[in-house]
Amino acid sequence: MRVLVVYCHPSSDSFTHQVKEAFVKALESNGHQYDVSDLYAEGFNPVMSESEYLREGYYQCDTPVQEDVLREQKRINEADAIVFIYPVFWTSSPAMLEGWFQRVWTYGYAYGDNRTMKTLDKALFLITMGGSLTEDLRQMQVEAMKTVMIGDRISDRARHAKFHVFDEMSRGEGNGENRSRREVGFLDKCDEIASSF
């Protein structure tokens, strides 16, 4: 299987980076091909321009799509599955990834009557968060995030979609030992998930 990993984190000094590294290593060891779209490292521009807004707002397929967006769309159409790896920032994905969806999910490609985006076999979300899923509020937040990411952004663009949350991964406030213990289990889970592809 060919997998596109859309990775979104501003620092390699993070557990999210470890998740990405563990996941792609496991993909490779299980014989899968993969491509990593590292949004920060590649300098993806998340800001929609006025011309892009007008293209989308008026459903104008004849207006050209920017080269960086076309490159991402090509990567998606060359994949069988897409995996998003990112941290939770204030109950959402980083602004960079929000902008990626706003610019890459263009009219005529991701939506519209004759869209050209292929239907992927799988969509997977591997997200890290500081809060604990033992809290009702965090559980509700995750359900809201699933509704946005799987219900709206993926929808019928993939045949199967899953959402995995690696929680209680904040630094400081006496969480060091707990974080280290959970880190091992979560990285093993990344290996298990990649192996099941």
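Refer to the preceding data block for the structure.
These figures come from a predicted structure and were not determined experimentally.

A. The arrangement of the packing of helix α1 (residues 15-29) against helix α6 (residues 176-195) in detail. With their axes 8 Å apart at the nearest point, α1 and α6 run at an angle of 30° to one another. One finds that α1 runs roughly parallel with respect to α6. In the packing of α1 onto α6, the handedness of the crossing is right-handed. Contacts from F15, Q18, V19, A22, F23, A26 and L27 in α1 reach R179, E183, F186, L187, C190, D191, I193 and A194 in α6. Grouping the constituent residues of the contact of α1 with α6 by class yields eleven nonpolar, one polar and three charged.

B. Region of the structure containing the side chain of R103. Among the structural elements, R103 can be located in helix α4 (residues 95-104). Residue R103 is classed as buried on the basis of its relative accessible area of 4%. Once you skip the residues sitting within four places of it in the chain, R103 turns out to touch F44, N45, P46, V47, M48, E52, Q66, D68 and V69.

C. Structural view of the nonpolar core. The biggest cluster of nonpolar side chains holds 34 residues, and the ones touching the most others in it are I76, I82, F84, Y86, L97, W100 and F163. Residue assignment for this core shows that the elements contributing at least two residues are β1 (2-7), α3 (67-77), β3 (81-87), α4, β4 (120-128), α5 (136-154) and β5 (158-166). Broken down by element, this core gets its largest block of residues, five residues, from α4. Counting residues in each nonpolar core, the second largest holds 21 residues, with V3, Y7, V24 and F166 among its members.

Conventions we followed
- Residues numbered from 1 in each chain as written.
- Predicted model: local features only at pLDDT ≥ 70, side-chain atom pairs only at ≥ 80, totals over all residues.
- Heavy atoms only, no water.
- Axes fitted to C-alpha atoms, helices over the stretch in contact; angles between N-to-C directions.
- Helix = DSSP H or I, 4+ residues; strand = E, 2+ residues; numbered from the N terminus.
- Parallel < 35°, antiparallel > 145°, perpendicular 65-115°, else oblique.
- Left-handed = near helix turned anticlockwise from the far one by under 90°.
- Contact = heavy atoms within 4.5 Å.
- Nonpolar A, V, L, I, M, F, W, Y, C, P; charged D, E, K, R; others polar.
- Buried < 20%, exposed > 50% of the residue type's maximum accessible area, 1.4 Å probe, protein only.
- Core = buried A, V, L, I, M, F, W, Y, C linked by side-chain atoms within 4.5 Å.

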